[in-house]
Amino acid sequence: MSVKSGRRYGMIAGNGRFPLLALEAARRAGDEVVVVAIKEEASPEVEQLADRCHWISLGQLSRLIEILKQEGITEVMMVGQVKHAKIFSSIVPDWKLVKLLASLKQKNTDALIGSVAKILAEDGIRLADSTLLLKPLLVGVGVLSKRKPSSDEERDIAYGRKIANTLAGVDVGQSVAISDSACVAVEAMEGTDAMLERAASLVNGKALRLVKVSRRRGHLLFDVPVAGPGTIEAMRKAGATALAMDAGRTLLLDREAMLARANECEIAIVGCEPEP
């Protein structure tokens, strides 16, 4: 193995392109990354890009800590999605996670991951910003697409942001679908694409607007909103004509391909100043 000149990190890899892009960025920067990949979620490609890769099943908290300690990792990122429905329905917890789950007063993502972060800290392992290696991919403020939102779309976006920020503040979801100043659907555990599909079934062909927000946290340690070409395809199928996201707190994966496809579909995309 070649000697790395950069920093050394651990990565807990979930699904999607996020882990792959982060690993590619780490290689370019000369950083060493040891990956702990979730078998039920992560792509086999992570193994090709990681300096070393360990596979564990969702729920093996003790094994995760054991691997990180054996590797001498003191800083770890949670990168990529783990479907919320799996966290609370398909997980087979080990004894350490059983104990953690029993201690939670609320069974939501913030409470669960926050408790995991505390347990890691007890073993000298700090949870790092999940966007640490991909800052250039964070959404900027302003219109990103060729087409600007129309006045009707701007009205729906403004309304949607009020709704989405309220819901995100209580850890319900990050996205809403709006049509004609009405909230048609709210994202919960099913994810954005499924939410859009459901919304389309309710509006009888009327145009939708997709609004994604980040939770009101002072960090980007986990559950960072992500959009990419797949988002645009889901919007096209659902008849959604505009996408609004929190600037500086949302990642655009495969940005050029995403924007090119949005322009082909005449979908307006805008980055908004996040609420404090």
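Our structure's up above, just so we're on the same page.
Residues numbered from 1 in each chain as written. Predicted model: local features only at pLDDT ≥ 70, side-chain atom pairs only at ≥ 80, totals over all residues. Heavy atoms only, no water.

1. Side note on the overall build of the protein
Check the secondary structure of the protein and you find ten helices and 13 strands. Across its three principal directions, the C-alpha atoms of the protein cover 55 × 45 × 30 Å. The proportion of buried residues among the 276 residues of the protein is 51%. Excluding contacts between residues fewer than 6 apart, the proportion of contacts in the protein whose partners are at least 24 apart in sequence is 71%. Roughly 12700 Å² of accessible area belongs to the protein as shown, and the carbon and sulfur atoms make up 52% of that amount. Here the protein holds 37 positive side-chain charges and 35 negative ones, and the gap between their average locations is 2 Å. (Helix = DSSP H or I, 4+ residues; strand = E, 2+ residues; numbered from the N terminus. Buried < 20%, exposed > 50% of the residue type's maximum accessible area, 1.4 Å probe, protein only. Contact = heavy atoms within 4.5 Å. Areas by Shrake-Rupley, 256 points an atom, 1.4 Å probe, with all protein chains shown as cover. Lys, Arg positive; Asp, Glu negative; His and termini not counted. Charge placed at Lys NZ, Arg CZ, Asp CG, Glu CD.)

2. Remarks on the environment of Val170
Following the sequence through the fold, Val170 ends up in the loop between helix H7 (151-169) and strand S7 (175-179). Given a relative accessible area of 57%, Val170 falls into the exposed group. Distance in space between the C-alpha atoms of Val170 and Asp152 is 28 Å, their sequence separation being 18 residues.

3. Overview of the side chain of Glu71
Assignment of secondary structure puts Glu71 in the loop between helix H3 (61-70) and strand S4 (75-79). Owing to a relative accessible area of 13%, Glu71 belongs among the buried residues under this scheme. Polar contacts involving the side chain of Glu71 include one to the side chain of His54, which spans 2.8 Å. The residues contacting Glu71, other than those within four sequence positions of it, are Arg8, Val34, Arg52 and His54. (Polar contact = N/O pair within 3.5 Å; in protein donor to acceptor, adjacent residues only side chain to side chain.)

4. Concerning the pairing of strand S13 (residues 268-272)
A large share of S13 lies buried, amounting to five of its five residues. Burial along S13 is two-sided: Ala268, Val270 and Cys272 and Ile269 and Gly271, pointing in opposite directions, are all buried. Summarising the sheet, strand S6 (residues 142-143) and S13 pair through two bridges and their orientation is antiparallel. Paired with Gly142 across the two strands is Gly271, which belongs to S13. Two elements, strand S11 (residues 240-246) and S13, share five bridges in a ladder whose sense is parallel. Note on S13: the bridge partner recorded for Ala244 is Val270. (Pairing = 2+ DSSP bridges.)

5. Quick notes on the nonpolar core
Ranked by internal contacts, the top residues of the largest apolar core, which has 29 residues, are Met11, Val35, Val46, Leu134 and Leu251. If you list the elements that add at least two residues to this core, you get strand S1 (8-13), helix H1 (18-29), strand S2 (32-38), helix H2 (46-49) and S4. At seven residues, the largest contribution of residues to this core is made by H1. Dropping the residues within four chain positions of it, Leu251 is found in contact with Phe18, Thr131, Leu134, Leu137, Leu138, Val224, Pro225, Val226 and Ala227. Ranked by size, the runner-up nonpolar core spans 26 residues in total, among them Ile12, Leu68, Ile113 and Ile119. (Core = buried A, V, L, I, M, F, W, Y, C linked by side-chain atoms within 4.5 Å.)

6. Topic: helix H6 (residues 109-122)
An ideal rise of 1.5 Å per residue puts 20 Å on 14 residues; H6 measures up with 20 Å between its terminal C-alpha atoms. Of all the residues in H6, the buried ones are Thr109, Leu112, Ile113, Ser115, Val116, Ile119 and Leu120. Taken end-on, H6 shows its buried residues confined to a sector of 155°, consistent with a single buried face. In H6, those exposed residues whose orientation departs by more than 90 degrees from the buried face are Lys118, Ala121 and Glu122. (Expected span 1.5 Å × (residues − 1). Arc of directions from axis to C-beta.)

7. Quick look at the sheet that holds S11
To summarise the sheet geometry, strands pair through backbone hydrogen bonds and adopt either a parallel or an antiparallel arrangement. Strand order in the open sheet formed by six strands is S6-S13-S11-S9-S7-S8, with mixed pairing between adjacent strands. Two strands bound the open sheet, and with one partner strand each, they are S6 and strand S8 (182-186). Sitting on the sheet, H7 touches S7, S8, strand S9 (208-212), S11 and S13, and the angle it makes with S7 is about 145°. The strands touched by helix H8 (residues 192-200) within the sheet are S7, S8, S9 and S11, with S9 carrying the most contacts at an inclination of about 155°. (Axes fitted to C-alpha atoms, helices over the stretch in contact; angles between N-to-C directions.)

8. Digging into the sheet that holds S4
Across the sheet, which stays open at both edges, the five strands sit in the order S3-S2-S1-S4-S5 with parallel pairing between neighbours. Both edges of this open sheet fall to strand S3 (52-56) and strand S5 (126-128), since each of them pairs with a single strand only. On average, adjacent strands in this sheet sit at an angle of 30° to one another, irrespective of strand direction. As defined by bridge partners, S1 adjoins S4 across four bridges and the pair is classed as parallel. Its bridge partner lying in S4, Ile12 is registered against Met78.

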